[in-house]
Each structure stands twice: as structure tokens, then as C-alpha cells.
Amino acid sequence: MTYARIIGTGSYLPKKTLTNTELERMVDTTDEWIFSRTGIRERHIAADDEKTSDLAEHASRRALDSAGLQPADIDLVVVATTTADQVFPSVACLLQDRLGIHNGGPAFDVQAVCAGFVYAMDLANKFIQCGVVGRALVIGAETFSRIIDWTDRETCVLFGDGAGAVVLEAAEQPGVVSTHLHADGRYHELLAVPTGVSINYKQVLKGEAYTQMQGSEVFKFAVKCMVDVVDETLSINRLNKSDIDWLVPHQANSRIIAATARKLSLSMDKVIVTVDRHGNTSAASIPLAFDEAVREHRIVPGDTIIMEGFGGGFTWGSVLLRM
Ligand code: UT7
């Protein structure tokens, strides 16, 4: 049996930060409201000339460095993103060229919004398990600030930009133990950018492609999905909650994370939280949090970890892995 093991991690946050106090000057909001409802204090915002592929490149180079590999060692590039630089080619192809990976291996983007990274991990894991590739670079990267209406207080306080990456390598021991993906398209209207190439294109041309969300509806569904997918992951693998060293959840809202932990009877000491400093970075949030915890030596070799994501679609899923 072949498994995919994480052998390197990296992440990148744009230099510019946007604090709640600064947002108070932009929309009718307060630091107190934002922090008490979301747990967010600040988020990072990409510079005008900084693209999703730039963020992805920084995170990828750091992940490759930590794995002790050169770009040419990578056989597969998968980028989870909702905010690709351009309609096509994919960020993965742009990144493959930028990194100098010219070995003809596959490269593609995955679009599952905030669940994108767990979808990307699932795919890369399967490529490795099937023996199609030996090493994969899996990235979550977003410039979500570009699809935010900065006059809409209900959404603009929530999101941020960033990128996180992992290098996966074929190994005899796990590694990724199991992945669990779900979607329910009946809820597509609750969280969406309802403009694009083949719908409401004139709004896109006017620069009005913005995220819309029915927050409290999404909140309830998010907690249920996050709890259910952890239960599913534990039960399929015949594990107890006490077998989990770390939960690395999608960082949308500290109240969603805390409610999930409470329903699972998991102590917050076992949960990685970065939403206070990153905001919701969509597909980047899990690998950003994961890399931070690895670099701070909180996540260490031998640990058992569940990553879980939830996003527009709705899409959700988890990855159970051993370091
Ligand atoms: O990443 C994908 C998944 N995304 C999520 O999981 C996000 C899920 N949803 C949430 O995190 C929360 O629903 C929000 C943080 C978006 C909102 O929190 P809430 O406790 O559900 O608040 P609410 O939407 O019920 O709004 C409560 C009040 C409203 O005023 P009224 O109608 O009670 O007078 C809003 O107009 O808060 C008002 N409000 C604000 N006030 C100050 C909404 N946004 C703001 C704001 N500042 N930024």
C-alpha cells in the first residue's frame, strides 16, 4: 500500500494588514462587534499588483525549502482557489512555470471555495496512492479581497488574503489515512459570488463581482457539517476523540470553531486557531493554520490530525493524517 506523507509546509501572508479599527473608518461597524461575532482582530490584504499566483509562489517555495526539495522534484501541482489570476490558464499552470517545473507533470486548479484545500488534498492523495506521481505540491491560495464589496459591512469584515502549501511524497506508512468529501448544491444561493463569465457578465465588467452571504443560515449549516464530518472521519477509522492530537478547521469564525469543538467534546487546546489574525482566507485558511502550527512545533511527528473545511456550494470535507 502506498500513502501520501506531508514532508514540507509553507505559507505566506501579504505584508499589508487591515485592522478592525481601520474597518471602523470604512463601514458602520466596531471592533467590539467584529471580535465578539467572529473572533477576528485583523486580516492581511494583497497589494494591488499582488496576484493569487504570487501568494502561492511564496508559500510553495517555503514548503519546498522545508521539504529540502527543488521545484523540479515535483510531479503534480494542485492549487485550491476561488480567486484565480485569470479565467485560464489555471493558477497551477502559471505557478508550475514560475517555479520552473518543466517535467510535463499535471497541474490544475480545484474550485470548492473554503473546502478547496481538503478537496485538493483528496485528489493529490489519490494520484500518489495510485502510483501516478511520487511527489505533489498542494496549495490553497486566495486574494479574496478582490471579490469583496468594501461598502458591505456584513461581508467585508470577514475575509482576508493568503496562501499555504504542503509537499506530499509517496511513503510506505501514512501520511494521509483517509479523506471524506461532500457537497450539497441545493444551498448554492446562501453563499455565492452570483456573477461570472456566463452569468451577469456586465457586472463583472463594471468590477462588481462580490461575495454575498446569508450569514446566520451559513453559520448553522457550517457547524452541523463540521461536526458530522469529524464524526464520520472518526467512525470510519474506528478512532475515539481522544486519539486526535489536533483539529485544524477552516478558519471562518471563532464561534463556529468553538461550537464544533464543544459538540465534539474536544478541548480548544487541541484546535489550531488563526482566524483572529488571518480572518477567513477561504481555501488558504487550513494550510496557513497548519504551517503555523508545524513551525511553532505544536504539531510534531507522530501526531494524528483532522483537517476540515466548509464552504460555498455547499462543499465540505476532512482529511485524517499522521505526521
Ligand atoms: O467560509 C465559508 C463559511 N462562512 C461562514 O461560515 C460564515 C458564517 N456566518 C457567520 O460567521 C456569522 O453569521 C456572521 C459573522 C457573518 C454574522 O454573525 P451573526 O451573529 O450571525 O449576525 P447576524 O447576521 O445575525 O446579524 C446581527 C446584526 C444585524 O443587525 P440587526 O438586524 O440585528 O439590527 C446586522 O445588520 O448585526 C448587524 N451586522 C453588523 N453590525 C456591525 C452585520 N454585520 C455587521 C458589522 N458591524 N460588520
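Keep in mind the model is a prediction, meaning the values are calculated, not measured.

It is not clear to me how the sheet that holds strand β6 (residues 135–143) should be interpreted in this structure. Could you clarify?
As a general point, the strands of a sheet are linked pairwise by backbone hydrogen bonds and lie either parallel or antiparallel. Taken together, the 5 strands give an open sheet; going across it, the order is β1-β7-β6-β4-β5, and neighbouring strands pair in mixed fashion. Edge positions in the sheet fall to β1 (3–12) and β5 (107–110), since each has one partner strand and no second. The average undirected angle you get between the axes of adjacent strands in this sheet is 20°. Sheet topology places strand β4 (residues 76–80) next to β6; 5 bridges connect them, and they run parallel. Each bridged residue has a counterpart across the sheet, and for Val 77 the counterpart in β6 is Leu 137. Contacts between helix α3 (residues 52–67) and the sheet are confined to β1, β6 and β7 (161–171), with β1 contributing the most and set at about 125° to the helix. Contacting β1, β6 and β7, helix α11 (residues 285–295) crosses the sheet at an angle of about 90° to β1.

Which parts of the structure should I look at to understand the packing of α3 against helix α4 (residues 91–99)?
For any two helices packed against each other, one specifies the crossing angle of their axes together with the interaxial distance. Two elements in contact, α3 and α4, have axes separated by 10 Å at closest approach and are oriented at 55°. Comparing their axes, α4 and α3 come out oblique. α3 and α4 meet at a crossing whose hand is right-handed. Residues Thr 52, Ser 53, Asp 54, Ala 56, Glu 57, Ser 60 and Arg 61 of α3 pack against Val 91, Leu 95, Arg 98 and Leu 99 of α4. Of the residues assigned to the contact of α3 with α4, the class counts are 4 nonpolar, 3 polar and 4 charged.

Whenever I open this one, the site of the ligand confuses me. Can you help?
Close to the ligand lie 23 residues, the nearest being Thr 29, Arg 37, His 250, Asn 253 and Asn 280. In the environment of the ligand, an oxygen atom lies 3.3 Å from a nitrogen or oxygen atom belonging to the side chain of Trp 33. Separating a nitrogen atom of the ligand from a backbone N or O atom of Arg 153 is a distance of 2.9 Å. When isolated, the ligand has an accessible area of 960 Å², and the protein chains bury 73% of it. Contributions of two or more residues to the shell around the ligand are made by α2 (31–38), α6 (153–156), α8 (215–236) and α9 (254–263). If you count residues domain by domain, the shell around the ligand takes at least three from each of domain 1 (3–172) and domain 2 (178–322).

Quick question: what am I supposed to make of α11 here?
Residue pairs spaced three or four apart in an α-helix point in one direction, given the helix's 3.6 residues per turn. Of all 11 residues in α11, 10 are buried; the element is thus mostly enclosed. Every buried residue of α11 is accounted for by Ser 285, Ile 286, Pro 287, Leu 288, Ala 289, Phe 290, Asp 291, Glu 292, Ala 293 and Val 294. Two residues or fewer past α11, His 297 is found with a positive phi of approximately 60°.

It is not clear to me how the sheet that holds strand β11 (residues 246–249) should be interpreted in this structure. Could you clarify?
The mixed open sheet is built from 4 strands, whose spatial order is β8-β13-β12-β11. A strand with exactly one partner marks an edge of an open sheet, and here the two such strands are β8 (176–183) and β11. For this sheet, the mean angle separating the axes of adjacent strands, direction not counted, is 10°. Contacting β8, β11, β12 (304–311) and β13 (315–322), α8 runs over the sheet at an angle of about 150° to β12.

Whenever I open this one, the pairing of β5 confuses me. Can you help?
For a regular strand, side chains alternate in direction, first toward one face of the sheet and then toward the other. As defined by bridge partners, β4 adjoins β5 across 4 bridges and the pair is classed as parallel. Among the inter-strand pairings, Val 78 is bridged to a residue of β5, identified as Phe 108. In terms of handedness, the path from β4 via α4 over to β5 forms a crossover that is right-handed.

Before we go on, may I ask you to explain α9 in this structure?
When α9 is considered as a whole, its buried residues turn out to be Ile 256, Ile 257, Ala 259, Thr 260 and Ala 261. Against the buried residues of α9 lie α8, β11, α10 (275–278) and β12. The N-cap residue of α9 is Asn 253: its side-chain oxygen and the backbone nitrogen of Arg 255 are 2.7 Å apart. Note on α9: the residue one or two positions beyond its end, Ser 265, has a positive phi of about 55°.

For this particular structure, what's the right way to read the state of the cysteines?
Working definition: the covalent bond between the sulfur atoms of two cysteines is a disulfide. Inspection of the entire model under this criterion finds 0 disulfides. In this structure Cys 156 is a free cysteine whose sulfur lies 16 Å from that of Cys 114, the closest cysteine sulfur available. Note on Cys 225: no disulfide assigned, nearest cysteine sulfur contributed by Cys 114 at a separation of 13 Å.

I tried to follow the pattern of salt bridges on my own but got confused; where do I start?
As a working rule, side chains carrying opposite charge can pair if their charged atoms are close by. Overall, the coordinates contain 15 salt bridges when judged by the stated rule. Notably, a salt bridge pairs Asp 54 with Arg 98, separated by 3.0 Å at the nearest N-O pair. Of this pair, Asp 54 sits in helix α3 while Arg 98 is found in helix α4, placing the two residues 44 residues apart along the sequence. Here Asp 54 falls in the buried class, since its relative accessible area comes to 16%. Measuring nitrogen to oxygen at the nearest pair gives 3.4 Å for the salt bridge that ties Asp 276 to Arg 277. The exposure class of Arg 277 is partly exposed, given its relative accessible area of 29%. Among the charged side chains, a salt-bridge network with shared partners connects Lys 51, Asp 54, Glu 57, Arg 61 and Arg 98.

Calculation notes
Chains are numbered independently. Their residues run from 1 in the order of the written sequence. Reporting of local features is limited, given that this is a predicted model, to residues whose pLDDT is at least 70; pairs of side-chain atoms are given and counted only at 80 or more, and all residues count toward the totals for whole chains, interfaces and linings. The basis for the side-chain values is all heavy atoms of the structure; hydrogens and waters are excluded. Any two strands between which DSSP finds at least two bridges are classified as paired. Only DSSP runs of H or I covering at least 4 residues are called helices, and only runs of E covering at least 2 are called strands; the numbering of each starts at the N terminus. Here, axes are lines fitted to C-alpha atoms. For helices the fit covers the stretch in contact, and angles between N-to-C directions go from 0 to 180 degrees. Two residues form a contact once any of their heavy atoms are found within 4.5 Å. Any angle from 65 to 115 degrees is called roughly perpendicular, while one under 35 is roughly parallel, one over 145 is roughly antiparallel, and all others are oblique. A crossing counts as left-handed when the near helix is turned anticlockwise from the far one by less than a right angle, and as right-handed when that turn is clockwise. Gly is placed with the polar residues, together with every amino acid not listed as nonpolar (Ala, Val, Leu, Ile, Met, Phe, Trp, Tyr, Cys and Pro) or charged (Asp, Glu, Lys and Arg). Any residue with a heavy atom positioned within 4 Å of a molecule or strand is treated as near that molecule or strand. Two N or O atoms count as a polar contact when they lie within 3.5 Å, although within protein this holds only if one can serve as hydrogen donor and the other as acceptor, and sequence-adjacent residues are included solely when both atoms are side-chain atoms. Residue burial considers only the protein chains on display, and all accessible areas are found by Shrake-Rupley using a 1.4 Å probe. For the purposes of this description, domain bounds are those given by an automatic or database domain assignment. Whether a residue is buried, partly exposed or exposed follows from its accessible area with a 1.4 Å probe, protein chains only, as a fraction of its type maximum: under 20%, in between, or over 50%, in that order. Clockwise travel from the first strand over the helix to the second, with the strands pointing away from the viewer, marks a crossover as right-handed. The rule for a disulfide is simple: a pair of cysteine sulfur atoms within 2.5 Å. Within this document, salt bridges are pairs made up of a side-chain nitrogen of Lys or Arg and a carboxyl oxygen of Asp or Glu, the two lying within 4 Å of each other.

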